[in-house]
Amino acid sequence: MTVHIQDSPARAFREAGEAHDVDALVATLADDVVFRSPLSATARFAGKEQVRELFSVAFGVLSELRYQNDIGDDRRRALTATARLGRQEIHEASLVEVGEDGLIKEITMWIRPLPGLTAMMAALGPGLARATGKPGLPWLVGAAVKPLAAMTRLGDRTLVPLLTRRRPR
């Protein structure tokens, strides 16, 4: 079934994401779209080309992206999805805002659990750094985020179970 953006920009966005179709996803976006990153309060991507770059890198590392929920009205949609980043399952929630022209003007995303978020940072950071064309930046970004991803993965596997197990009474 083909979904036209006039029918539902959020549905067209979801189907493009599940298909890893960057061109179809970008077709749902306004020229001045803003993507607010789950990785940093200061990181945002503005305009179709920056968002295209982001999703191109993301689709290169994610698999099994599936949307479960799409709730809201004609102007604001809350979307939830799951995906895999290697062996790590991630859960995503996005707030998608649609402009008067029927195109998506803003996307704010959240990702959980913390090991999934830091794994996403480690996977996307070097790829996005390469796109800047600044020599050495991909290495620097990788060196900065990989220890954080390893620490959260270790903590999730070893420390969290110690904190959540019930003690015998």
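Since this is a predicted model, take the numbers as computed values, not measurements.

Analysis parameters
- Residues numbered from 1 in each chain as written.
- Predicted model: local features only at pLDDT ≥ 70, side-chain atom pairs only at ≥ 80, totals over all residues.
- Heavy atoms only, no water.
- Helix = DSSP H or I, 4+ residues; strand = E, 2+ residues; numbered from the N terminus.
- Contact = heavy atoms within 4.5 Å.
- Pairing = 2+ DSSP bridges.
- Axes fitted to C-alpha atoms, helices over the stretch in contact; angles between N-to-C directions.

Asker: Break down the environment of leucine 65 for me, citing the residues and quoting the values.
Answerer: Inspection of the secondary structure assignment puts leucine 65 in strand S3 (residues 63-72). Along the sequence, leucine 65 and alanine 81 sit 16 residues apart, while their C-alpha atoms lie 6.8 Å from each other. Look past the residues within four positions of leucine 65 in its chain and what remains in contact with it is Gly17, Glu18, His20, Phe59, Ala81, Thr82, Ala83 and Glu92.

Asker: Describe the sheet that holds strand S6 (residues 104-112), listing the residues and the values that go with them.
Answerer: With mixed pairing, the 6 strands of this open sheet are ordered in space as S2-S1-S6-S5-S4-S3. Two strands in the sheet have a free side with no partner beyond their single neighbour: strand S2 (44-46) and S3. Averaged over all pairs of adjacent strands, the angle between strand axes in this sheet comes to 20 degrees, irrespective of strand direction. Across 7 bridges, S3 lies against strand S4 (residues 76-85) in antiparallel orientation. Each bridged residue has a counterpart across the sheet, and for aspartate 70 the counterpart in S4 is leucine 79. Packing against the sheet, helix H3 (residues 48-61) makes contact with strand S1 (29-36), S2, S3 and S4, and its axis sits at approximately 55 degrees to S1.

Read these as spatial facts, not as claims about activity.
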